[in-house]
Amino acid sequence: MGEYVLLMVSAALVNNVILARFLGLCSFMGVTTRVDTAVGMGMATTFVITVSSMADWAVETYLLQPYGLGYLRTVTFILVIAAAVQFTEMTVRKVSPPLFQMLGIYLPLITTNCAVLGVALLLVEGKMNFIEATLFGFASSLGYSLVMVIFSGLRERLALAEVPRLFAGPPIGFIVASLLALAFMGFSGMQTN
Amino acid sequence: MMPSEDHSTDFSAPPMVEGIARVVAVEGSVVWLEPEQTSTCGACSSSSMCGAKGIGTAANSLERRRFPMDNQEKLTLGERVVVGVRENALVKASLTAYAIPLITLLVAGIVAQGMVGNDAITMLAMVAGLVIGLIVARISAKRLSTRGDLAPQFLRRAHAGETCHIE
C-alpha cells in the first residue's frame, strides 16, 4: 500500500504533469479564467486519463509488446485516447442528459490534450503493472486538476488586480505560472528521502 | 485607494454561469432552447484550424444539446435569451459524472489487486467497479435533476448584439 501512496504523490506533486513535465499547457492557459470551468475540465481530464491509461496499458502489454509493434505506439495511443473520449462522451450522455448538457463541451478538448498522450507514454516507460499504471494515470491527472484549480483561482484574483498594461492578460498569467512552478519545485526535495 | 472587496469567498449566493440560447421550438407552455456556440471552443482564435472540431464538438452536437424550459415569459420562435446555471452546479455535476465512477473503479482495482494480485483479474474488477460507479452516478444525477439543480434557468432576454461575455 505504501508504494502506491509514494507512486501517487510522486506523480501528482513531484513530477506534476503541468509544472514539472510541461504537458497540457494549452488547456492550462486556455480554460483557467474561471474556477468552475477549470474544475469541469480537470475532472473530465482525470476521468479520461485514468480510463485511457488502463486501455493503453492493456494495448501495450497484450498487443504491441508481444507482436513487436513498438513503433506504432504513438499512433495506437492517440487512437485509444480518441476512443476513450468518445466512450466518456457517450457514457455521460447515457448516464444523464442534463449532465451532458453541462459537461459535454469540455470533452472534445481533451482529445487534443497532450497531457493524456504524455501520461500514457510515461507509464509505458515506467514498466508498471496494471494497478500501478492506473494509479499513476489517476494521480498524474489529479495533479493536473489541482494545478488547474489553483491557477484559475489565482487568475480570478489577477483579473481584479491592477496590472501594468504591458503585462495585463496572458503575460502576467505566465509569470504567475512560473512562480507556481517554482513553488512546486519544492516538492522535488521529497524525492531523495 | 479603496481595498477591493473580496467577492470570491462569498458563497452564500453562488453566482450564475451565463450562456445565450435561441428558441428553436415552441410547444404549448414549453420552449426548446438551443445553446449558441459557447466560448470554450468556438471563440478560440484557432477554431477554424482546430482538429478537435469534427469530433463531436459544440459545432455538430448543438442539436443534441437542446433543452426544454417552461415558457413563463411568453418567448417566441427565434428569440435569444440569457440562461444561467448555478456556478456550483457545474462542480456538483462533474463530481457526480466523474468522481463517483472513478472512486468505485479504483477501490475495486486496489481490493482485487490486494486479494488476488493478477493483472487480468484486477482489470475485470476495475471494469466491474466502473459499471457500478456509473449506475450510482446515474441514480445521483437523477436525484440532482429532480431537485432542479442542473436545469438552466431563464435570466433575461438577450440584447440585440449580446454575446457571451467570458474573457
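Being a predicted model, the structure only gives us computed values, none of them experimental. (Residues numbered from 1 in each chain as written. Chains lettered and ligands numbered in written order. Predicted model: local features only at pLDDT ≥ 70, side-chain atom pairs only at ≥ 80, totals over all residues. Heavy atoms only, no water.)

1. A short note on the overall build of chain B
Consideration 1: Counting its secondary structure elements, chain B contains four helices and five strands.
Consideration 2: Reading the secondary structure of chain B in the N-to-C direction produces β-β-α-α-β-β-α-α-β.
Consideration 3: Per-residue burial over chain B gives 35% buried out of 167 residues.
Consideration 4: Considering only contacts in chain B between residues 6 or more positions apart, those separated by 24 or more positions represent 76%. (Helix = DSSP H or I, 4+ residues; strand = E, 2+ residues; numbered from the N terminus. Buried < 20%, exposed > 50% of the residue type's maximum accessible area, 1.4 Å probe, protein only. Contact = heavy atoms within 4.5 Å.)

2. As for the interface of chain A and chain B
Accessible area lost on assembly of the parts is the figure often given for the size of an interface.
Consideration 1: The interface of chain A with chain B comprises 49 residues on the first partner and 50 residues on the second.
Consideration 2: Summed over both sides, the interface of chain A with chain B buries roughly 4,300 Å², with 74% coming from carbon and sulfur.
Consideration 3: For chain A, the biggest contributors to the area lost against chain B are Gln101(A), Met102(A) and Ile105(A); these three give 15% of the whole.
Consideration 4: In this structure, the connection of chain A to chain B is made through two residue pairs in polar contact (both at pLDDT 80 or more).
Consideration 5: Put simply, the parts of the chain that give the side of chain A that touches chain B at least two residues each are helix 3 (35-64), helix 4 (73-95), helix 5 (97-103), helix 6 (107-111) and helix 8 (130-160) of chain A. (Buried area = accessible area lost by both parts, 1.4 Å probe. Polar contact = N/O pair within 3.5 Å; in protein donor to acceptor, adjacent residues only side chain to side chain.)

3. Describing unusual backbone geometry
Residues and elements named next belong to chain A.
Consideration 1: Of note in this structure, Phe 22 is not a glycine but carries a positive phi near 55°.
Consideration 2: Tracing the backbone shows Phe 22 in the loop between helix 1 (2-14) and helix 2 (25-30).
Consideration 3: Unlike most non-glycine residues, Lys 127 shows phi in positive territory, near 50°.
Consideration 4: Residue position: Lys 127 is located in the loop between helix 7 (114-125) and helix 8.
Consideration 5: What makes Lys 127 exposed here is its relative accessible area of 72%.

4. Here we look at the packing of helix 7 of chain A against helix 8 of chain A
Residue and element names in this part refer to chain A.
Consideration 1: Packing of helix 7 against helix 8 leaves a shortest axis separation of 10 Å and a crossing angle of 145°. In terms of crossing hand, the pair formed by helix 7 and helix 8 is right-handed. On helix 8, the residues that touch Ala 115, Val 119, Leu 122 and Leu 123 of helix 7 are Ala 133, Phe 136, Gly 137, Ser 140 and Tyr 144.
Consideration 2: Broken down by class, the residue content of the contact of helix 7 with helix 8 amounts to seven nonpolar, two polar and no charged. (Axes fitted to C-alpha atoms, helices over the stretch in contact; angles between N-to-C directions. Left-handed = near helix turned anticlockwise from the far one by under 90°. Nonpolar A, V, L, I, M, F, W, Y, C, P; charged D, E, K, R; others polar.)

5. What about empty space enclosed by the protein?
Consideration 1: Summed over all chains, the structure comprises two cavities of 30 Å³ or more.
Consideration 2: The space that makes up the largest cavity amounts to roughly 40 Å³.
Consideration 3: Along its surface, the largest cavity is lined by Phe47(A), Thr88(A), Thr91(A), Val92(A), Val95(A), Ala97(B), Tyr98(B) and Leu134(B).
Consideration 4: With four residues, the top contributor of residues to the lining of the largest cavity is helix 4 of chain A.
Consideration 5: Across the lining of the largest cavity, the residue classes tally to six nonpolar, two polar and no charged. (1 Å grid on protein atoms, 1.4 Å probe; cavity = no way out; pocket = protein on both sides within 12 Å on 5 of 7 lines; lining within 4 Å. Points joined across faces, edges and corners; volume = space filled by probe spheres on them.)

6. Considerations on the pattern of salt bridges
All names here are of chain A.
Consideration 1: All told, the structure shown has two salt bridges over all chains when counted by the stated rule.
Consideration 2: With its nearest N and O atoms 2.8 Å apart, the salt bridge here joins Arg 73 to Glu 60. Highlighted residues: Arg 73 in helix 4 and Glu 60 in helix 3, separated in sequence by 13 residues.
Consideration 3: Between Glu 89 and Arg 93 there is a salt bridge, and its shortest N-O distance comes to 3.8 Å. With Glu 89 and Arg 93 both in helix 4 and four residues apart, this pair spans about one turn of that helix.
Consideration 4: Since its relative accessible area comes to 3%, Glu 89 is described here as buried. (Salt bridge = Lys/Arg side-chain N within 4 Å of Asp/Glu carboxyl O.)

7. Some thoughts on the confidence of the model for chain B
All names here are of chain B.
Consideration 1: Per-chain confidence: chain B averages 72 in pLDDT, with 65% of residues scoring 70 or above.
Consideration 2: A low-confidence stretch, residues 1-12 (pLDDT under 50), is modelled with four contacts involving residues beyond four sequence positions or located in other chains.
Consideration 3: For this predicted complex, the interface confidence comes out at an ipTM of 0.82, alongside a pTM of 0.75. (pLDDT = per-residue confidence, 0-100.)

8. Let's talk about the state of the cysteines
Residue and element names in this part refer to chain A.
Consideration 1: Under the defined criterion, the tally for this structure stands at zero disulfides over all chains.
Consideration 2: Cysteine Cys 26 is unpaired, with the sulfur of Cys 114 as its nearest cysteine sulfur at 4.8 Å.
Consideration 3: Given the relative accessible area of 53%, Cys 26 is considered exposed. (Disulfide = S-S within 2.5 Å.)

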